[in-house]
Amino acid sequence: MAPDRRTDWWRDAVIYQIYIRSFADGDGDGLGDIAGIRSKLPYLADLGVDAVWINPWYPSPMADAGYDVSDYRSVEPRFGTLEEAEALIAEAHQHGLRVLLDIVPNHTSDRHPWFADALAAGPGSRARDRYVFRPGRGPDGDEPPNSWQSVFGGPAWERVTEPDGSPGEWYLHLFAPEQPDVNWEHADVWSDFEETLRFWFDRGVDGFRIDVAHSLIKQEGLPDAEDLEWPRRPVEVDGALHRSPWQPHPFWDRDEVHEVYRAWRKIADSYDPPRVFVAEAWVDEPERLARYLRADELHTAFNFTYLQAIWEAGYLRHVISETLAEQGAVGAPATWVLSNHDVARHVSRFARERSEPGSSVMQLLDLPADLDLGRRRARAAVLLTLGLPGGAYVYQGEELGLPEVEDLPDDVLQDPTWERAGHTDRGRDGCRVPLPWSGSAPPYGFSPEGSTAAPWLPQPGDWAGLTAEAETGDPGSMLELYRAALRLRRETPALGDGELTWLELPEGVLGFTRDPGFACVVNVTGTHAALPEGYDILLTSDDLGTEGRLPAATSAWLKRN
Ligand code: GLC
């Protein structure tokens, strides 16, 4: 049966991630906003993506860039109003773009009314039980209740002062102290998040990205965490990916979390057309990740094993094959992603020779960088990514070929990681620098002409050649490569959802065919690779070498002649 585009669009959608703070500033305060997004909808439609995912735009004290939400059913005034949000959703739909928002169910802001109630109501109260409060350890209760560490560094517990002024209980925060974890054993938590889903679905939102979807549920009794590696990355040994045997973790990927998503799926399915979910779940075991994608749970999940992969043909092939096998087994389409707002931009990752998978800026800083090579690989990678079966994500600015900004001065860093990790981890600001749209100097059209406020993070002085304006019409630019690939992807019946067949090619070269009549060849690290016979070239990531061969770090889309 032919797929129904109205309901199955998500099976092969290309979804553009809008990191709202850094996308476009409509009101001139140096911070991106809804007005900025609305002004760029024609750009996004012209780029050829199918949908956008917008990072949290809810009221927030911004302790973690909006992932500390104080009201899930409203809009942060610095980003705009609820009316503007509704107008944006309607206008995006008119441009043929679907809209996904970002829901943050593991924690609220410490300024959420619930947290104020929890503090005021004191130990043992129903209000306090919406969060995870425990007495401390040690004779005076002045040691954290267990050994859990926060993702941003330091203990995952903070002590509060009780209403009577005495030193009190501790609350759990797997992220910043301003992000207390909620208790998913509390009925209010279930009903409130369900109300939030309906609130936005009723306003025409097409779906949600679920923040830290593998979290939420904590093991009963909150036992100390053994020294469990997380996320557990695979290594390649003799042509296969190996992982240490899976074992349960006290707060990541607990089996009980799936009950939440079964309930959410019912809500999404009650709408016409049905709404969709994508999981942000840092679960590297493909079999464990596929559990989130069972038919009565979430639709898709980010593929972080692919994002973190090293530039090595065998490794890439294993990751791709494993993903397709495991996700196919539950009937879910794969998705492919190279960058997002939490990882070092892939041009800069690919600029390094690495033998270990990973994505953090700290893994890069000491390695020599060749940014020209990084860009060539990024160009080759996007044809691979968009040629694979399933859907794909594009992180704003990757279509311009932006590198990670690795030299932000210490005093402008805003990611809580920097402080929490005692200035040992520079965090994620380098991939969040406001986009360059036009002109030859900062703010490169990010803010309207005449704005007095500077962009919230400084932009490099040498980005004039990387603006959307400068790249438009330049056939060698990253932007025109993305536009050409996205246009061809729509026109080529073999692309999108479906299957692939691997070609057996020389070492360092990856290739596959897809029916009808399509082939993709990526020369990852090989010597000049010949193209398979019987095909014409649709698109290449760079000029071909002598005799029409693909140089290393070059890819090609082909069609059977
Ligand atoms: C997710 C978000 C990240 C945020 C964290 C805590 O990983 O992508 O930006 O800091 O959750 O909400």
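Residue positions are given per chain, counting from 1 as you read along its sequence in written order. Reporting of local features is limited, given that this is a predicted model, to residues whose pLDDT is at least 70; pairs of side-chain atoms are given and counted only at 80 or more, and all residues count toward the totals for whole chains, interfaces and linings. Heavy atoms from the whole structure form the basis of all side-chain values; hydrogens and water molecules are not counted.

Caption draft 1: Examining the overall build of the protein chain more closely. Each helix corresponds to a stretch of at least 4 residues labelled H or I by DSSP, and each strand to a stretch of at least 2 residues labelled E; elements are numbered beginning at the N terminus. Secondary structure assignment for the protein chain yields 15 helices and 18 strands. A globule of 561 residues ought to have a C-alpha radius of gyration of about 24 Å, and the protein chain, at 23 Å, matches this closely. For the protein chain, the spread of C-alpha atoms along the principal axes amounts to about 80 × 60 × 50 Å. Using a 1.4 Å probe on the protein chains alone, a residue whose accessible area is under 20% of its type maximum counts as buried, one over 50% counts as exposed, and one in between counts as partly exposed. Here the protein chain holds 561 residues, and 59% of them are scored as buried. Residue contacts are defined here by distance: any two heavy atoms, one from each residue, within 4.5 Å place the two residues in contact. In the protein chain, of all internal contacts separated by at least 6 residues, the share reaching a separation of at least 24 is 68%. Put simply, the protein chain shows about 21,200 Å² of open surface, and 49% of that area lies on carbon and sulfur atoms. His residues and chain termini do not enter the charge count, which takes Lys and Arg as positive and Asp and Glu as negative. Here the site of a charge means atom NZ of a Lys, CZ of an Arg, CG of an Asp or CD of a Glu. A gap of 4 Å separates the mean positions of the 52 positive and 94 negative side-chain charges of the protein chain. Within these notes, the globule rule equals 2.2 Å times the number of residues to the 0.38 power, and the radius of gyration is based on C-alpha atoms. Each accessible area is a Shrake-Rupley estimate made with a 1.4 Å probe; only the visible protein chains count as cover when residues are assessed.

Caption draft 2: Main features of helix α15 (residues 478-491). Multiplying 1.5 Å by the residue count of a helix minus one yields the expected span of that helix. Taking 1.5 Å as the rise per residue, α15 with 14 residues should run 20 Å; its terminal C-alpha atoms sit 20 Å apart, in good agreement. The element α15 is extensively covered by neighbouring structure, given that eleven of its 14 residues are classed as buried. Met478, Leu479, Glu480, Leu481, Tyr482, Arg483, Ala484, Ala485, Leu486, Leu488 and Arg489 are the residues of α15 that are buried.

Caption draft 3: Fine view of the packing of helix α6 (residues 187-202) against helix α7 (residues 257-269). Here α6 crosses α7 at 30°, and the two axes come no closer than 11 Å. By the angle between their axes, α6 is roughly parallel relative to α7. Once α6 is placed against α7, the crossing between them reads as right-handed. Residues Trp190, Phe193, Glu194, Leu197, Arg198 and Phe201 of α6 lie in contact with α7, whose contacting residues are Glu259, Val260, Ala263, Trp264, Ile267 and Ala268. The convention used is that axes are lines fitted to C-alpha atoms, helices contributing only their stretch in contact, and that angles between N-to-C directions extend from 0 to 180 degrees. Orientation categories follow fixed angle ranges, with anything under 35 degrees roughly parallel, anything over 145 roughly antiparallel, 65 to 115 roughly perpendicular, and all other angles oblique. Throughout, a crossing is termed right-handed when the near helix is turned clockwise from the far one, and left-handed when it is turned anticlockwise from it by less than a right angle.

Caption draft 4: How the structure looks around the site of the ligand. We call a residue near a molecule or strand whenever a single non-hydrogen atom of that residue lies within 4 Å of it. Neighbouring the ligand are 14 residues, the closest being Asp64, Asp211, Glu280, His341 and Asp342. By the criterion applied in these results, polar contacts are pairs of N or O atoms within 3.5 Å in which, for protein atoms, one can donate a hydrogen and the other can accept it, and in which residues neighboring in sequence qualify only through two side-chain atoms. Within the side chain of His107, one N or O atom sits 2.9 Å away from an oxygen atom of the ligand. When the ligand sits alone it has 310 Å² of accessible area, and the protein chains cover 96% of it. When the residues that make up the shell around the ligand are grouped by side-chain class, the tally is four nonpolar, three polar and seven charged. Here the nonpolar group is Ala, Val, Leu, Ile, Met, Phe, Trp, Tyr, Cys and Pro; Asp, Glu, Lys and Arg are the charged ones; every other residue, Gly included, is treated as polar.

Caption draft 5: Local environment of the packing of aromatic side chains. For Phe, Tyr and Trp, rings pair up if their centres lie within 6.5 Å, where Trp contributes its six-membered ring, and each pair is then called stacked (planes under 30 degrees apart), edge-to-face (over 60) or tilted (otherwise). Under the criterion given, the structure shown has 33 aromatic pairs. Centroid distance Trp53 to Tyr393: 6.3 Å. Interplanar angle 80°. Geometry classified as edge-to-face. In this pair, Trp53 sits in strand β2 (residues 51-54) while Tyr393 sits in strand β13 (residues 391-395), placing the two residues 340 residues apart along the sequence. Taken individually, Trp53 and Tyr393 each receive the classification buried, so the pair is uniform in this respect. Between Lys40 and the ring centre of Trp437, over which it is positioned, the NZ or CZ distance is 4.1 Å. Note on geometry: a ring has a charge over it if NZ (lysine) or CZ (arginine) is within 6 Å of the ring centre and within 35 degrees of the ring normal.

Caption draft 6: Broad picture of a negative patch on the surface. Only residues whose relative accessible area exceeds 30% and that form no salt bridge are eligible for patches; like-charged ones are grouped when within 9 Å, while nonpolar side chains (Val, Leu, Ile, Met, Phe, Trp, Tyr) are grouped when within 5 Å. The term salt bridge refers to a side-chain nitrogen of Lys or Arg lying within 4 Å of a carboxyl oxygen of Asp or Glu. A cluster of acidic side chains, namely Glu236, Asp238, Glu312 and Glu507, defines a negative patch on the protein surface. As for its placement among the helices and strands, Asp238 is situated in the loop between β8 (235-237) and β9 (240-242). Classification of Asp238 by relative accessible area gives exposed; the value is 80%.

Caption draft 7: Inspection of the pattern of salt bridges at higher detail. Under the defined criterion, the tally for this structure stands at 40 salt bridges. A salt bridge links Glu322 to Arg243; the shortest N-O distance between them is 3.1 Å. One end of the pair, Glu322, is in helix α10 (residues 313-329); the other, Arg243, is in the loop between β9 and α7, with 79 residues separating them in the sequence. Of the charged contacts in the structure, one is a salt bridge between Arg377 and Glu353, with a shortest N-O distance of 3.0 Å. Pair noted here: Arg377 is in helix α12 (residues 371-387) and Glu353 is in the loop between α11 (346-350) and α12, with a separation of 24 residues, a long-range link. With a relative accessible area of 55%, Glu353 lands in the exposed category.

Caption draft 8: Here's a closer look at the nonpolar core. Only buried residues count toward a nonpolar core. Its members are Ala, Val, Leu, Ile, Met, Phe, Trp, Tyr and Cys residues joined through side-chain atoms within 4.5 Å. If you look at the biggest cluster of nonpolar residues, it comprises 152 residues, and the most contacted ones within it are Tyr16, Leu44, Ile54, Trp57, Tyr261, Trp264 and Trp557. It is α15 that contributes the most residues to this core, eight residues altogether. One finds Trp148, Trp157, Trp170 and Trp252 within the second-largest nonpolar core, a separate group that totals 14 residues.

Caption draft 9: The arrangement of the sheet that holds strand β18 (residues 554-560) in detail. Read across the sheet, five strands follow the order β14-β15-β16-β18-β17 without closing on themselves; strand pairing throughout is antiparallel. A strand with exactly one partner marks an edge of an open sheet, and here the two such strands are β14 (501-502) and β17 (535-540). Paired strands, in this sense, are two strands between which DSSP finds at least two bridges. Alignment of strand β15 (residues 509-514) against strand β16 (residues 518-523), held across six bridges, turns out to be antiparallel. Directly across from Gly511, in β16, lies its bridge partner Val521. Against the sheet, α10 touches β14 and β15, its axis set at about 35° to β15. Of the strands in this sheet, β17 and β18 are in contact with α15, which crosses β17 at around 135°.

Caption draft 10: Highlighting the side chain of Asp206. On the secondary structure map, Asp206 appears in the loop between α6 and β7 (207-210). Despite its burial, Asp206 remains without a salt bridge, the nearest opposite charge being carried by Arg98 at 4.3 Å. At a separation of 2.7 Å, a polar atom in the side chain of Asp206 contacts the side chain of His93. Setting aside chain neighbours within four positions, we find Asp206 in contact with Trp9, His93, Arg98, Val99, Leu100, Arg275 and Val276.

Caption draft 11: The environment of Ser451, seen in detail. Checked against the element boundaries, Ser451 lands in the loop between α13 (416-420) and α14 (468-471). Sequence-wise, Ser451 and Ala295 are 156 residues apart; in three dimensions their C-alpha atoms are separated by 49 Å. In terms of polar contacts, Ser451 uses its side chain to reach the backbone carbonyl oxygen of Pro448, at 2.5 Å.

Caption draft 12: Up close: the sheet that holds strand β11 (residues 300-301). Ordered in space as β11-β10-β7-β3-β2-β1-β13-β12, the eight strands form an open sheet in which the pairing is parallel. At either end of the open sheet lies a strand with only one pairing partner, and these are β11 and β12 (335-337).

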